[in-house]
Amino acid sequence: MKKTTHTFSKKYSVGASAKTDHGGMGGKNGADADAPLFHQDHGRPVTRRDFLAQGFTAGMGAVVGGSVLSMLASSGKAHAGLSADLEALKAGCGIATQGAGKIPFIVFDLAGGANVAGSNVLIGGRGGQMDFLSTQGYSRQGLPGDMIPSIANPATGLSDFINTELGLAFHADSAFLRGIQDKFAVGNRANVNGAVIPARSENDTGNNPHNPMYGINRAGSDGSLLTLIGSRNSDSGGSSMAPAALIDPGKRPTKVDRPSDVTGLVDTGDLVGLLNQEDAVSVMESVQRISDMKLDRVSTRISEDENVKELVRCGYVKSADIADRFGDPTTLNPELDPDIVGENGIFTQEEFDGDREFQKTASVMKLVINGFAGAGTIAMGGYDYHTGNRSAGEVRDLRAGRCMGAVLEYAARVGVPLMMYVVSDGSVASNGMIDDSENGRGKGVWTGDNSSTAASFFMVYNPNGTPQLIGGTPEEQAVSQQIGYMRRDGSVETSATPAANNVNLLVETVILNYLALHGEQGQMRTLFPQTGLGNAALMDSLTAFEPIVNGVIGA
């Protein structure tokens with residue numbers, strides 16, 4: 001499908017301050033993305049998840065193991081490599097330096113029930129995103145009658161409210177889209193595409209098993225440093241739960257929340273501080289060789305003599321390898337990566353210092369996209385934003401979009417593929433009342449939770465070209481891009497797909513699409529014998545894209 005951009009010509013601008021107060025939250029007219037949300041129809045927050053959803057506490061960053069060669073990071077940061085004799089010992093010692101070679105995977109877990117359908121990503125009927133809903137259906141999804149995508153501009157015959165620049169069709173004034181565009185360079189946008197999944201889930205609860213991390217790991221994702229890391233001290237590492245059948249207690253996530261969490265993952269010891277990195281590695285290599293020679297001359301006089309010696313040998317090899325790969329502090333620290341922070345970085349120093357969500361996003365994407373970890377969860381709080389205005393949601397969605405755009409842009413700069421998944425627990429709906437403040441942008445006020453308008457979506461970046469939708473005709477591709485559909489009234493058709501009314505099967509659908517990007521969708525039933533996605537023909541109908549790698553990156 002040809003990517004097109006149509007200009008949205010409303011009077012509102014990105015980041016403008018509000019002129020009218022519709023109340024409902026702290027900060028002037030909802031302009032503060034960190035201000036807590038107050039609801040007349042909710043009880044006081046009790047659990048940590050309640051505080052996160054309503055913005056009383058910040059979300060944290062998360063990462064999961066496995067992806068691509070660490071060497072694929074920016075060329076100026078590549079390590080020199082150990083001497084040949086020690087390199088030969090690494091494989092025998094089980095020291096992973098390349099991850100599993102799978103596509104990096106990052107989840108945005110928006111706690112509280114964010115809007116996806118209509119006002120952000122367009123969702124239509126059986127024919128796909130452009131099979132338009134009714135005016136009432138779009139109103140329910142926060143769009144007034146003069147901003148619905150079915151309206152054509154008489155001068156062009158096209159809609160001013162549809163933007164397909166990223167492949168997936170967004171509303172032209174989507175806050176997610178505006179945020180992505182703010183961070184994702186124009187020249188890289190041709191290499192991205194996406195798909196949307198209309199699927200209901202319960203509102204305002206962490207009991208939705210939305211998090212696919214364990215399943216992505218079972219599909220082959222694994223990193224050179226980490227298996228699973230999460231933003232919260234929970235079994236999933238995010239705000240939402242992981243499906244119980246997928247949880248592996250041995251891979252429970254560890255929290256990553258900020259740059260210091262990232263740099264604290266590896267201790268290179270005092271030697272790297274006393275010497276430069278190259279000299280420190282040389283010393284450690286020499287220590288290993290001397291130790292090896294001594295071990296050959298002695299006996300421990302225990303039955304496991306050879307096993308003990310092997311453990312000692314591998315300990316020295318591992319120390320030398322850690323100093324070689326991580327002795328340079330810029331290897332792990334996102335704040336010292338010029339592609340992330342600085343004059344030519346994705347974030348300016350001022351932006352990075354002033355926003356914890358940006359610091360969190362940078363920390364996760366640094367690990368995942370460089371192959372130190374294979375997948376990551378970025379949990380963001382404050383998305384229970386039915387506060388009697390529209391401005392609160394727009395400000396939060398804009399910041400989430402900037403974080404999404406940063407992740408896509410960093411993948412482009414490093415030169416690796418990426419699958420990015422956006423999910424929330426439940427959703428919101430509008431009664432048609434309009435917020436005319438500048439942050440409200442003339443759109444419908446979010447007046448309550450509504451699980452029937454919920455949806456998730458994923459974006460795929462491919463450095464080798466635009467990800468191709470499955471289908472031989474534009475009509476078939478349109479159906480592939482929207483996995484399921486909505487009724488004309490703007491609610492999910494719960495019988496459209498197995499995922500539409502079952503969050504566990506929504507997670508399986510995401511995992512199936514991850515496998516398909518590697519050309520491995522045929523392994524779904526082998527890896528997940530109890531899958532509820534049906535036979536091969538049904539699974540094919542739930543798959544959006546042709547493969548972008550052959551099993552692993554670079555194969």
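On a predicted model such as this, the values are computed, not experimentally measured, just so you know.

## Some details on the packing of helix 4 (residues 175-183) against helix 12 (residues 391-414)
At step 1: Where helix 4 contacts helix 12, the axes come no closer than 6 Å and their chain directions differ by 40 degrees. One finds that helix 4 runs oblique with respect to helix 12. The hand of the helix 4/helix 12 crossing is right-handed. In contact with Ala-175, Phe-176, Arg-178, Gly-179, Ile-180, Asp-182 and Lys-183 of helix 4, helix 12 contributes Glu-394, Asp-397, Leu-398, Ala-400, Gly-401, Arg-402, Met-404, Gly-405, Ala-406, Leu-408 and Glu-409.

## Structural notes on the packing of aromatic side chains
Two measures describe an aromatic ring pair: the distance that separates the ring centres and the angle between the ring planes.
At step 1: On inspection of all chains with the given rule, the structure shows seven aromatic pairs.
At step 2: Where Phe-176 meets Phe-457, the ring centres are 6.1 Å apart and the plane angle is 40 degrees; that geometry is what we call tilted. With Phe-176 in helix 4 and Phe-457 in strand 11 (residues 455-461), the pair connects residues that are 281 residues apart, well separated along the chain. Residues Phe-176 and Phe-457 agree in their burial class; the two are buried.

## Some points on a nonpolar patch on the surface
At step 1: A cluster of nonpolar side chains, Ile-302, Val-308 and Val-312, forms an exposed patch at the surface whose accessible area comes to about 190 Å².
At step 2: In this fold, Val-308 is placed in helix 9 (residues 305-326).

## Side note on the pairing of strand 11
At step 1: Burial analysis of strand 11 places seven of its seven residues in the buried class, the great majority of the element.
At step 2: Along strand 11, one buried face is formed by Ala-455, Phe-457, Met-459 and Tyr-461 and the opposite face, lined by Ser-456, Phe-458 and Val-460, is buried too.
At step 3: As paired elements, strand 4 (residues 192-198) and strand 11 share seven bridges and run antiparallel to each other. Bridge pairing in strand 11 links Gly-194 to Met-459.
At step 4: Where strand 8 (residues 418-424) lies against strand 11, five bridges are found, and the strand directions are antiparallel. The partner of Leu-418 across the bridge, within strand 11, is Tyr-461.

## Brief notes about the environment of Asp-449
At step 1: Mapped onto the fold, Asp-449 is located in strand 10 (residues 443-449).
At step 2: Here the alpha-carbon distance between Asp-449 and Ala-114, two residues 335 residues apart in the chain, equals 9.2 Å.
At step 3: Among the polar contacts made by the side chain of Asp-449, one reaches the side chain of His-386 at a distance of 3.1 Å.

## Quick notes on the nonpolar core
At step 1: Residues Ile-106, Phe-108, Phe-170, Met-365, Ile-369 and Phe-457 are the most contacted members of the largest nonpolar core, which totals 70 residues.
At step 2: For this core, the leading source of residues is helix 12, giving eleven residues.
At step 3: Residues Ala-199, Val-460, Leu-506 and Tyr-514 belong to the second largest nonpolar core, which totals 40 residues.

## Topic: the side chain of Ser-119
At step 1: With respect to the secondary-structure elements, Ser-119 resides in the loop between strand 1 (105-110) and helix 3 (135-140).
At step 2: Take Ser-119: its relative accessible area is 2%, and that puts it in the buried class.
At step 3: Among the polar contacts listed, one links the side chain of Ser-119 to the backbone oxygen of Gln-141, at a separation of 2.6 Å.
At step 4: Polar side-chain contacts of Ser-119 include one of 2.9 Å to the side chain of Arg-390.

Calculation criteria
Residues numbered from 1 in each chain as written. Predicted model: local features only at pLDDT ≥ 70, side-chain atom pairs only at ≥ 80, totals over all residues. Heavy atoms only, no water. Axes fitted to C-alpha atoms, helices over the stretch in contact; angles between N-to-C directions. Helix = DSSP H or I, 4+ residues; strand = E, 2+ residues; numbered from the N terminus. Parallel < 35°, antiparallel > 145°, perpendicular 65-115°, else oblique. Left-handed = near helix turned anticlockwise from the far one by under 90°. Contact = heavy atoms within 4.5 Å. Phe/Tyr/Trp six-rings, centres within 6.5 Å; stacked < 30°, edge-to-face > 60°. Buried < 20%, exposed > 50% of the residue type's maximum accessible area, 1.4 Å probe, protein only. Patch = residues over 30% accessible without salt bridge, like charges linked within 9 Å, V, L, I, M, F, W, Y side chains within 5 Å. Areas by Shrake-Rupley, 256 points an atom, 1.4 Å probe, with all protein chains shown as cover. Salt bridge = Lys/Arg side-chain N within 4 Å of Asp/Glu carboxyl O. Pairing = 2+ DSSP bridges. Polar contact = N/O pair within 3.5 Å; in protein donor to acceptor, adjacent residues only side chain to side chain. Core = buried A, V, L, I, M, F, W, Y, C linked by side-chain atoms within 4.5 Å.

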